[in-house]
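# Survey of secondary and tertiary structure
Residue-level listing of the chains:
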Amino acid sequence: MDPVIIAAITIGLLLILILFGMHVGVAMAACSAVGLWWIKGDLMIALKILGTTSFRSVMEYVFGVVPMFIIMGMFANLSGASEDLYDSANVLLGKVRGGLGHATVVANAIFAAITGVSVASAAVFSKIALPQMRRHGYDHKFALGTVAGSSALGMLIPPSVLLIIYGLLTEEAIGKLFMAGVLPGLLLASVYCIGIYLMVLVKPRLGGDRVVNRDQDLGFKEFWRALTKPWMFVVLIVMVLGGIYLGWFTPTEAGAVGAFGAFVLALIRGRVNIKSLWNVLLESGHTTASVFLLLITSQMYARMLTISGLPSATSEWVMTFSLPPLVIVFVFLFVFIILGAIMDSVSMLLVCIPLMLPILKALNLDIIWFGVIAVVAIEMGFFTPPFGLVVFAMKAAIGDEASVEDIFVGSFPFLVMIFVVLLILVFVPALSTWFPSLM
């Protein structure tokens, strides 16, 4: 049988296995082994190829960026960064219409620059923001949607785990990808704030009590205290991202600096003891192992596809249609949005990028720009039923306080806002490419 047809069959098999609940890493490894065995006709040759690929796939210095930023996020969260950020944003924005919603977006944007994981943001702010908004009379679904929507910033604002994985898959500079996510992340946060303001303006009941902090005006002393409260974490963010931008250290070194800095901050605040240190290291190890398993199996899968010739055949086939590059880009983005209903974000990248990358290169499209818009499209999948990773993370954090259906309904306006930002980024590539061009 033609190797291209065999590879196409394995893609269908992979999607079926994932739909039936098999772990995506296990499914990828199984499909890679079966596909290569089928193509080569010899099981031992297939296993040797996969074994070599597994070893080489993570024997690169750049892969150290993954555990470093994960540990940085864990220690920053341990130190109380999220509470400080939300408290400050709440004080500064409390009197704005829908102020607690704005505070949640701003705090999540800054928190995203520490963790880079949307699920972490959703879980943390479900515990911090929802009780405050409920106490001040905010509409239940509106509050849920605000937390869910703003948590998506974690996948775009650097250091983003998705951008790291995308960089590893495409061999693009992770530092440039980080810089490419800055302006789009700020744009998305701004659109969220504008959307929240307009929603509360049209339906005041969504925002509960207009003034949530105090009856008197905010004095300079209180303003300054709120502004400077999270200064340590802001310095940490600036040090890490500024160091990458100025070329002081590589992204991997920046992750190590950030991890050490976050550990020192947690130590200064007295949050570090034997138990908490063990929990941080253990959880970081679990997360890192999970990511590396996916990276290894994705490289195995990509190797099988390359040997089969499917990526090059697909590229040649797409080029025969003479479609405008922008149409092909929209088709790819549509695939991400649809797959978001059934797959998690990392799995989408691992499955799709090996197939899409040859076509993107053949069309001479900017790989960094596509990475940004791909992440934004994947973010939409966070709120798309029936999967909705962020939705279920929130449900797990708040238990019976809200139904999954309420979270999906509350998230819908933010899904629309993300789509608007996606269109802007597609038609204005400079928002994603300007910062990296300066490096």
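Residues numbered from 1 in each chain as written. Predicted model: local features only at pLDDT ≥ 70, side-chain atom pairs only at ≥ 80, totals over all residues. Heavy atoms only, no water.

## Topic: the overall build of the chain
Helices and strands together make up the secondary structure of the chain, namely 22 helices and 0 strands. Summarising the internal contacts of the chain: among those between residues at least 6 apart in sequence, 80% fall at separations of at least 24. For the chain, the exposed surface amounts to about 18,600 Å²; the carbon and sulfur share of it is 70%. (Helix = DSSP H or I, 4+ residues; strand = E, 2+ residues; numbered from the N terminus. Contact = heavy atoms within 4.5 Å. Areas by Shrake-Rupley, 256 points an atom, 1.4 Å probe, with all protein chains shown as cover.)

## As for the packing of aromatic side chains
For any two aromatic rings, the description comes down to two numbers: the centre-to-centre distance and the angle of the planes. Scanning all chains against the criterion turns up 7 aromatic pairs. Pairing Phe-332 with Phe-370 gives two aromatic rings, centres 6.2 Å apart and planes at 80°, and the pair type is edge-to-face. A residue pair is termed long-range when its members are at least 10 positions apart, and Phe-332 in helix α17 (residues 325-339) and Phe-370 in helix α19 (residues 367-381) qualify at 38 residues. Under the relative-accessibility criterion, Phe-332 is labelled buried at 9%. Accessibility expressed as a relative area gives 0% for Phe-370, which makes it buried. Taken together, Phe-332, Phe-336 and Phe-370 form an aromatic cluster joined through their ring pairs. (Phe/Tyr/Trp six-rings, centres within 6.5 Å; stacked < 30°, edge-to-face > 60°. Buried < 20%, exposed > 50% of the residue type's maximum accessible area, 1.4 Å probe, protein only.)

## Quick word on the pattern of salt bridges
Pairing between side chains becomes possible if they bear opposite charge and their charged atoms approach one another. The tally for this structure, following the rule as stated, stands at 2 salt bridges. Of the charged contacts in the structure, one is a salt bridge between Arg-205 and Asp-139, with a shortest N-O distance of 3.3 Å. Note that Arg-205 is positioned in the loop between α11 (182-202) and α12 (220-228) and Asp-139 in the loop between α7 (118-135) and α8 (140-151), a separation of 66 residues in sequence. According to the relative accessible area criterion, Asp-139 is partly exposed, its value standing at 23%. (Salt bridge = Lys/Arg side-chain N within 4 Å of Asp/Glu carboxyl O.)

## Section: α8
Between its first and last C-alpha atoms α8 spans 17 Å; for 12 residues at 1.5 Å apiece the expected length is 16 Å, and the two agree. Of all 12 residues in α8, 10 are buried, a share of seventy percent or more. Listed as buried for α8 are Phe-142, Ala-143, Leu-144, Gly-145, Thr-146, Val-147, Ala-148, Gly-149, Ser-150 and Ser-151. For α8, the N-terminal cap is Asp-139; the gap from its side-chain oxygen to the backbone nitrogen of Lys-141 is 3.2 Å. (Expected span 1.5 Å × (residues − 1). Polar contact = N/O pair within 3.5 Å; in protein donor to acceptor, adjacent residues only side chain to side chain.)

## Examining a nonpolar patch on the surface
Together, Leu-326, Phe-412, Val-416, Val-420, Ile-424, Phe-427 and Val-428 line one region of the surface with nonpolar side chains, adding up to about 580 Å² of accessible area. In terms of residues, the nonpolar patch owes the most to one element, helix α21 (residues 404-427), which gives 5 residues. Residue placement: Phe-412 occurs in helix α21. Relative accessible area serves as the criterion here: at 53%, Phe-412 is assigned to the exposed category. (Patch = residues over 30% accessible without salt bridge, like charges linked within 9 Å, V, L, I, M, F, W, Y side chains within 5 Å.)

## Some words on the packing of helix α1 (residues 3-19) against helix α2 (residues 24-40)
At a closest axis distance of 9 Å, the pairing of α1 and α2 adopts a crossing angle of 155°. In terms of axis orientation, α1 runs roughly antiparallel to α2. Like other packed secondary-structure pairs, α1 and α2 cross with a definite hand, here right-handed. Listed contacts from α2 to Pro-3, Ile-6, Ile-9, Thr-10, Leu-13, Leu-14, Leu-17 and Ile-18 of α1 are Val-24, Ala-27, Met-28, Cys-31, Gly-35, Trp-38 and Ile-39. (Axes fitted to C-alpha atoms, helices over the stretch in contact; angles between N-to-C directions. Parallel < 35°, antiparallel > 145°, perpendicular 65-115°, else oblique. Left-handed = near helix turned anticlockwise from the far one by under 90°.)

## Details of the side chain of Ser-79
Note that Ser-79 resides in the loop between α4 (65-78) and α5 (81-93). Here Ser-79 falls in the buried class, since its relative accessible area comes to 0%.

## What about the environment of Met-232?
By the secondary structure assignment, Met-232 is in helix α13 (residues 231-245). C-alpha of Met-232 to C-alpha of Ala-262: the two residues are 30 residues apart in sequence and 9.3 Å apart in space. Ignoring any residue separated from it by four or fewer positions in sequence, one finds Met-232 in contact with Leu-265 and Arg-269.

## Concerning the packing of α19 against α21
Remark: α19 packs on α21, axes separated minimally by 9 Å, with the N-to-C direction vectors making an angle of 165°. Judged on the interaxial angle alone, α21 and α19 are roughly antiparallel. Note that α19 runs across α21; the crossing there is left-handed. Taken together, the residues of α21 that come into contact with α19 (itself represented by Trp-369, Val-372, Ile-373, Val-376, Ala-377, Glu-379 and Met-380) are Leu-415, Ile-418, Phe-419, Leu-422, Leu-425 and Val-426. In terms of residue class, the contact of α19 with α21 is made up of 12 nonpolar, no polar and 1 charged. (Nonpolar A, V, L, I, M, F, W, Y, C, P; charged D, E, K, R; others polar.)

## What to know about the side chain of Ser-432
Relative to the elements of secondary structure, Ser-432 occurs in helix α22 (residues 430-438). Setting aside residues no more than four positions away along its own chain, Ser-432 makes contact with Ala-180, Pro-184, Ile-368, Trp-369, Val-372 and Leu-425.

## Details of the confidence of the model for the chain
Per-residue pLDDT for the chain averages 79, and the proportion of residues at 70 or more is 85%. Predicted confidence for residues 211-216 stays below pLDDT 50, and this span has 15 contacts to residues more than four positions away or in other chains. (pLDDT = per-residue confidence, 0-100.)

## Remarks on helix α9 (residues 161-170)
The α-helix winds at 3.6 residues per turn, so residues separated by three or four positions along the chain end up facing the same way. Counting buried positions along α9 gives 10 out of 10 residues, so the element sits mostly inside the fold. Of all the residues in α9, the buried ones are Val-161, Leu-162, Leu-163, Ile-164, Ile-165, Tyr-166, Gly-167, Leu-168, Leu-169 and Thr-170.

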